[in-house]
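The chain contents come next:
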Amino acid sequence: MRQRFLARCADQLGELKAIARDPLPGNEPLVRLAHSLAGAAGTFGFAEIGARASELETLLLEQADGGSVRAALDALIAEIERTLA
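Calculation rules
- Residues numbered from 1 in each chain as written.
- Predicted model: local features only at pLDDT ≥ 70, side-chain atom pairs only at ≥ 80, totals over all residues.
- Heavy atoms only, no water.
- Helix = DSSP H or I, 4+ residues; strand = E, 2+ residues; numbered from the N terminus.
- Rg over C-alpha atoms; globule rule 2.2 N^0.38 Å.
- Contact = heavy atoms within 4.5 Å.
- Areas by Shrake-Rupley, 256 points an atom, 1.4 Å probe, with all protein chains shown as cover.
- Lys, Arg positive; Asp, Glu negative; His and termini not counted.
- Charge placed at Lys NZ, Arg CZ, Asp CG, Glu CD.
- Salt bridge = Lys/Arg side-chain N within 4 Å of Asp/Glu carboxyl O.
- Buried < 20%, exposed > 50% of the residue type's maximum accessible area, 1.4 Å probe, protein only.

Engineer: Break down the overall build of the protein chain for me, citing the residues and quoting the values.
Structural biologist: A tally of regular secondary structure across the protein chain gives four helices and zero strands. For the protein chain, the N- to C-terminal ordering of α and β elements is α-α-α-α. Against the globule reference of 12 Å for 85 residues, the protein chain gives a C-alpha radius of gyration of 12 Å, in line with a compact fold. Here the C-alpha coordinates of the protein chain stretch approximately 35 × 20 × 20 Å along the principal axes. The contacts of the protein chain with a sequence gap of at least 6 include a subset with a gap of at least 24, amounting to 68%. In the form shown here, the protein chain has an accessible surface area of approximately 4,600 Å², with 53% of it arising from carbon and sulfur atoms. Of the side chains in the protein chain, 9 bear a positive and 12 a negative charge, and the two mean positions are spaced by 7 Å.

Now the structure itself:
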């Protein structure tokens, strides 16, 4: 199950990088992706990915400034890349 999650993370990493070009607060596809990653990461024991995804989701829902959203998105991408390495 953990391997399947990691494979899904690899796929979602591409989505995150594509969205990263324009991570607007309130971006619904990004909110859904962050929410999904936050829940699944915690379930499969990847607490750091879960924490980063949850932080991003919260910022998006609160419609935080673009700089904060960008920083949280970059941190999530970096954490997934570290985990997959």
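So, next bit.
Engineer: Before we move on, can you summarise the pattern of salt bridges with the specific residues and values?
Structural biologist: Inspection of every chain in the model, using the stated rule, returns three salt bridges. As a salt-bridge pair, Lys17 and Glu81 come within 2.7 Å of each other at their nearest N and O atoms. Here the residue Lys17 occupies a position in helix α1 (residues 2–19), and Glu81 occupies one in helix α4 (residues 66–84), the gap between them amounting to 64 residues. Arg32 is the salt-bridge partner of Glu28, the closest N and O atoms lying 3.7 Å from each other.

Engineer: Which residues make up the side chain of Gln12, and what are the values?
Structural biologist: Within the secondary structure, Gln12 is located in helix α1. Look past the residues within four positions of Gln12 in its chain and what remains in contact with it is Leu33, Ser36 and Leu37.

Engineer: Can you tell me about the side chain of Glu79, naming the residues and giving the values?
Structural biologist: With respect to the helices and strands, Glu79 occurs in helix α4. According to the relative accessible area criterion, Glu79 is buried, its value standing at 11%. Every residue in contact with Glu79, bar those within four places of it in the chain, is listed here: Glu48, Ile49 and Arg52.

Everything listed here is a matter of geometry and, on its own, says nothing about what the molecule does.
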